[in-house]
Amino acid sequence: MSRLLLRQPARGISVTENCLSALRSATVATLKDSRQVPNAGYQLNRKLTKTPIKIHHPAPCLLPKGSEPKQLLEQKLISELDPTGWRRQLFQRSSPLALRAGDVVKVLFNSETNQTFVGTIMAIRRRGVDTSVRLRSEVGQLGVEMSVKVYSTSVKAFEFVSRALKKARRAKLYYLRPDEKKRK
Amino acid sequence: MIYLKSMLNVIDNSGAALVECVNVLGKGNKTAGRVGDRIVVVVQSIRGAKLLAQASAQNRVQRGDIRHAVIVRTKKEYQRPDGTVVRFDDNACVLINKQGEPVGTRIMGVVARELQQGYAKIVALAPKVV
């Protein structure tokens, strides 16, 4: 093992995988927990290098073993942003009050001017906490589309205005956009 | 995304109907204009006589005039700080003078809320702000 260390070049101090595995194999007792790093808290004194290499203790694992951090974070965020659960009621597929493409909905924003937007749901993009709903509205003769983040704190409420007259045969109603060729 | 050769609808009563963008002001090279940006435009077509009568003789715009304008609507979607994405069905602008005041006296149509910063007069004149 010492021969391996001596062959390392003087510059570029880095404890490579090979070096660590060599250290591990050199220890007398085999370790049960593979996360333990041998010689952690020690300093390697290499004869060729001037500065010693510190081997640090591994950072403690804050989550229980086998848990999925991303899922936990998502659940935490959703419960924080939607404590009463009304957003989940409106946008989760399984919910009985779930909104669908084609429904007309009014969005109330948390702004000083009490901004509202009424529009037909063109698409519901379901991505957990990033879920957004695309609404289309004809303001005068001009179409306006707004994609609103469902769990945003700037959204005060979604008011259900009316159900689609006929159930849309599609989940995404992009055909509601005007035909550009016909316009010209 | 407004840049050279982009055609925009004019939604005020300045007299112009359709303008062509020639330059986007205050931005880097080849950076497209967005809602709230100031642009230099060439008037390509003007509106009928009815609307022309409402604008003052000084402000009357002729075909071929080079004017400044502010973009009020874009077809290219843009995102707001709260994550809302907004998209209009056309590109539109309002003609302004060098000081940033609108040339016309009325605005017909929707304008974007982003104009509140710097073009409060246009927002005040607009019938609907999204």
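Under an unreviewed UniProt entry, chain B has the name Ribosomal protein L14b/L23e and belongs to Lipomyces kononenkoae.

A.B. asks: What should I look at first to understand the state of the cysteines in this one?
C.D. replies: Simply put, disulfide is the name for a covalent bond between the sulfur atoms of two cysteines. All names here are of chain B. For the structure on display, the rule yields zero disulfides over all chains. Among the cysteines around Cys21, which has no disulfide bond, Cys93 carries the closest sulfur, lying 8.8 Å off. Look at Cys21 and you get buried, because its relative accessible area is 0%. Residue Cys93 is classed as buried on the basis of its relative accessible area, which comes to 0%.

A.B. asks: What's the story with the nonpolar core in this structure? I'm lost.
C.D. replies: Considering soluble globular proteins, one finds that nonpolar side chains tend to be buried as a cluster. Formed by 29 residues in total, the largest nonpolar core has its most connected members in Phe91, Val107, Val133, Leu135, Val148 and Phe158 of chain A together with Phe88 of chain B. At the level of secondary structure, the elements contributing two or more residues to this core comprise helix 4 (86–91), strand 3 (104–109), strand 4 (116–125), strand 5 (132–139), strand 6 (142–149) and strand 7 (155–162) of chain A together with strand 6 (85–88) of chain B. Residues contacting Val148 of chain A, with those up to four places away along its chain left out, are Val107, Phe109, Thr131, Ser132, Val133, Leu135, Val155 and Phe158 of chain A together with Thr84 of chain B. By size, the runner-up hydrophobic cluster in this structure holds 16 residues, among which are Leu8, Val10, Cys21 and Val24 of chain B.

A.B. asks: Looking at this structure, I do not really get the environment of Leu135 of chain A. What am I missing?
C.D. replies: All names here are of chain A. As for its position among the elements, Leu135 is in strand 5. When its relative accessible area of 0% is taken as the criterion, Leu135 is described as buried. Distance from Leu135 to Glu80, taken between C-alpha atoms, is 25 Å for residues 55 residues apart in sequence. The contact partners of Leu135, leaving out residues within four places of it in the chain, are Val105, Val107, Phe117, Gly119, Thr120, Ile121, Val144, Glu145, Met146 and Val148.

A.B. asks: Is there a simple way to think about the sheet that holds strand 2 (residues 16–24) of chain B in this case?
C.D. replies: Working definition: the strands of a sheet are paired by backbone hydrogen bonds and lie parallel or antiparallel to each other. All names here are of chain B. Strands sit in the order 1-2-3-4-7 around a closed barrel of five strands; the barrel is mixed. Direction aside, the axes of adjacent strands within the sheet are offset by 55 degrees on average. Relative to strand 7 (residues 92–96), strand 1 (residues 7–10) is paired through two bridges, and the arrangement is parallel. Paired with Asn9 across the strands is Ala92, a residue of strand 7.

Cut-offs and rules
- Residues numbered from 1 in each chain as written.
- Chains lettered and ligands numbered in written order.
- Predicted model: local features only at pLDDT ≥ 70, side-chain atom pairs only at ≥ 80, totals over all residues.
- Heavy atoms only, no water.
- Disulfide = S-S within 2.5 Å.
- Buried < 20%, exposed > 50% of the residue type's maximum accessible area, 1.4 Å probe, protein only.
- Core = buried A, V, L, I, M, F, W, Y, C linked by side-chain atoms within 4.5 Å.
- Helix = DSSP H or I, 4+ residues; strand = E, 2+ residues; numbered from the N terminus.
- Contact = heavy atoms within 4.5 Å.
- Pairing = 2+ DSSP bridges.
- Axes fitted to C-alpha atoms, helices over the stretch in contact; angles between N-to-C directions.

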